[in-house]
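Residue strings, one per chain:
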Amino acid sequence: MWNALRAELIYFRGYMFGGLGIATGVSGLLVALTWFKRGADGIPTFLPGMFPIIAGMVVSFIALALRSEERRARLLLAAPMTPRQLAGVMILLPVCLVAWGVLGGALLLGLTSLLAGQFELGDLTMVARFAGQFLVYALMGPLVQEAVAARRQGRSRAGLAGWANLVAVLLLLTSVYWLDGRPGLNAGLQLLVAAFMVVPTLVLYQGRTDFTR
Amino acid sequence: MNGQEPKTNPAALLSGLTKRFPGFQLGPIDLALEPGTVLALVGPNGAGKTTTLNCIAGLTLPDAGGTEVFGAEVHPARPEYRLDVGYVGEESGFFEGWSARRNLDFVASLMPGWSHDRARRLAERFALPLDKPVSGLSRGNQTKLALVAALGHGPRLLLLDEPTAGLDPVVRAEVLDVLWEITEDGKHAVLYSTHVLSDINRLADELAFLRDGQLVLRTGRDELSEAWRRISFRLQGDECDLDGIVEHRRVRTEHQVITRDAAATERQLAELGAESVEVSRMSVDEIAVQILKEGHDVERTAS
């Protein structure tokens, strides 16, 4: 499984670096414009930390779509891999891509803080909150894919359960969103929601009756 | 030692294999493929050939019945059987942005028993451009790459879905030669589906005809070519009721028939007093076309 995940990450690293480059460019532009208009004190230091995480999420959607289009499961199924391992690759790929984004975000946050000459813990928790939120979005991709696959394979109840889980996640996410004043707690709860999504995705994948698509 | 050979498991064993789709049911199919055999799965589009191969490869789970590969149950949770299987399907799932070589290196990293030397030799033999990205390879070259990837770990059972589709005649002959060599030692087996009926003559020992999801005939290639004949004759009178006839053309007293039981037909013709009887052999692909075209209720001869 780890060989397969490693290969996928290497395959999509071009997209990831491209995404991080765009995120850095956008962040740089924003910082420069803010500096020009309001001076160093006016720079929203948490903002540059957010764009690379968004890039990670977008690349995870691209990766999921491309893997599906290239029918990657068929290649992996030539090897003695179990459905659980295949699902592991599918779930861990967006997690790793968002994690790359988080890493890039932390670097940009540090750089912006240095430029602005200030560092606030609140910025870090804000970035953590974005990380949780975008990780949940990124993990919605595999869940939706498996819910659709279940319906297509005639496993209607499994498909419905998948969609029900997605609705539950959206409700949970909305509830968490209202805990606005406590970003640290907010980030932790969103990570819990992300972990909650992994379980139905894994179960749906293991229940597949067809791995050709 | 009692001098008896230890009993070997069939390369593939299908027991009541059934798969249902809306408006279509495959099976139940019972089929055993012995090591050393090349079995061609022949049937029109939508007959269930690909689904059968997918079920044996474990890519599709049957609704009933089961499949074994060299005695190991085909089940996704116990995937060790895949070490014995090489599968070439319509799609292979390669990283399209990577070169053929890099894809093969990746497959090698997943497959215990992979032989870089074997893969290199096959790639050379097929004249496969290893440094081109997969997305830039022609359909034929992608098939060659899939064949190398399927053969690199030395599987004992090869499942091939239209393996020669898109290949030029020279490479097609090379591919058929490789497949032939693989089964020469009597330990390997090949199950392949094809629309290119001329391949049957070249490669298949046995034929299995699928029609509307049902296995209608399983027979040896030689048995088939011995039993089927095209016979032309002259016969006075209207009565011409012959056994085993699958096609009958008549212009006044001149008749031409295709029979799947040549011996019985010739005997009956002699009894009826037919004149100018001319019997000609049919090629296996001609016979296969007849079976597929007419959809005769042919007798199941073996399984």
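Conventions used here
Each chain has its residues counted from 1, following the order in which its sequence is written. Naming scheme: in the order in which they are written, chains are lettered from A and ligands are numbered from 1. Whole-chain, interface and lining totals are the exception, using all residues; otherwise, since this is a predicted model, local features are given only for residues with pLDDT of at least 70 and side-chain atom pairs are given and counted only at 80 or more. In this scheme, strands are said to pair when DSSP sees at least two bridges between them. The way it works is that DSSP assigns letters per residue, a run of H or I at least four long becomes a helix, a run of E at least two long becomes a strand, and they are numbered from the N terminus. Residues are scored as being in contact if the C-beta atoms we place from backbone atoms lie within 7 Å. Where helices are involved, their axes are fitted lines through C-alpha atoms of the stretch in contact, as for all axes, and angles between N-to-C directions lie from 0 to 180°. A set of buried residues drawn from Ala, Val, Leu, Ile, Met, Phe, Trp, Tyr and Cys, joined through C-beta atoms within 7 Å, is what defines a nonpolar core. Counts of 20 or more other C-beta atoms within 10 Å of a residue's own C-beta define buried residues, counts of 12 or fewer define exposed ones, and intermediate counts define partly exposed ones; C-beta atoms are placed from the backbone. As a working rule, the residues Ala, Val, Leu, Ile, Met, Phe, Trp, Tyr, Cys and Pro are called nonpolar, Asp, Glu, Lys and Arg charged, and the rest polar, with Gly in that last group.

Draft legend 1. Representation of the sheet that holds strand β4 (residues 64-69) of chain B in the model. All names here are of chain B. Ordered by their spatial adjacency, four strands build an open sheet running β2-β1-β4-β5, and the pairing between neighbours is antiparallel. Two strands bound the open sheet, and with one partner strand each, they are β2 (24-33) and β5 (72-73). Looking at chain direction, strand β1 (residues 12-21) and β4 are connected through five bridges and run antiparallel. In the sheet register, L14 faces β4, and the bridge partner there is T67. Lying over the sheet, helix α1 (residues 49-57) contacts β1, β2 and β4, oriented at roughly 120° with respect to β1.

Draft legend 2. Representation of the nonpolar core within the structure. Among the nonpolar cores identified, the biggest contains 136 residues, and A131(A), A12(B), V148(B), L159(B) and L191(B) are the most heavily contacted of them. The element best represented in this core is helix α5 (residues 121-152) of chain A, accounting for 16 residues. Filtering out sequence-adjacent residues up to four positions away, A131(A) remains in contact with I53(A), V98(A), V102(A) and A187(A). Formed by seven residues, the second largest nonpolar core is a distinct cluster that contains I231(B), F233(B), V257(B) and A274(B).

Draft legend 3. Quick peek at the interface of chain A and chain B. Taken together, the contact between chain A and chain B spans 21 residues of the former and 26 residues of the latter. Breaking the side of chain A that touches chain B down by element, the ones donating at least two residues are α1 (2-38) and α3 (72-76) of chain A. A class-by-class count of the residues in the side of chain A that touches chain B yields twelve nonpolar, four polar and five charged.

Draft legend 4. Main features of the sheet that holds strand β10 (residues 214-220) of chain B. Residues and elements named next belong to chain B. What the six strands build is an open sheet, ordered β6-β7-β8-β3-β9-β10; its pairing is mixed. Both edges of this open sheet fall to β6 (85-88) and β10, since each of them pairs with a single strand only. Adjacent strand axes in the sheet meet at a mean angle of 15°, parallel and antiparallel pairs treated alike. Strand direction decides the pairing type here: β6 and strand β7 (residues 157-161), joined by four bridges, are parallel. Note on β7: the bridge partner recorded for V88 is L160. Lying over the sheet, α1 contacts β3 (38-42), β6, β7, β8 (189-194) and β9 (206-211), oriented at roughly 150° with respect to β7.

Draft legend 5. View of unusual backbone geometry. Residue and element names in this part refer to chain B. Positive phi outside glycine occurs at A127, with the angle close to 55°. As for its position among the elements, A127 is in the loop between α3 (116-125) and α4 (139-151). Within the chain, R252 stands out as a residue other than glycine whose phi angle is a positive 50°. Along the chain, the position of R252 falls in the loop between β12 (245-251) and β13 (254-259).

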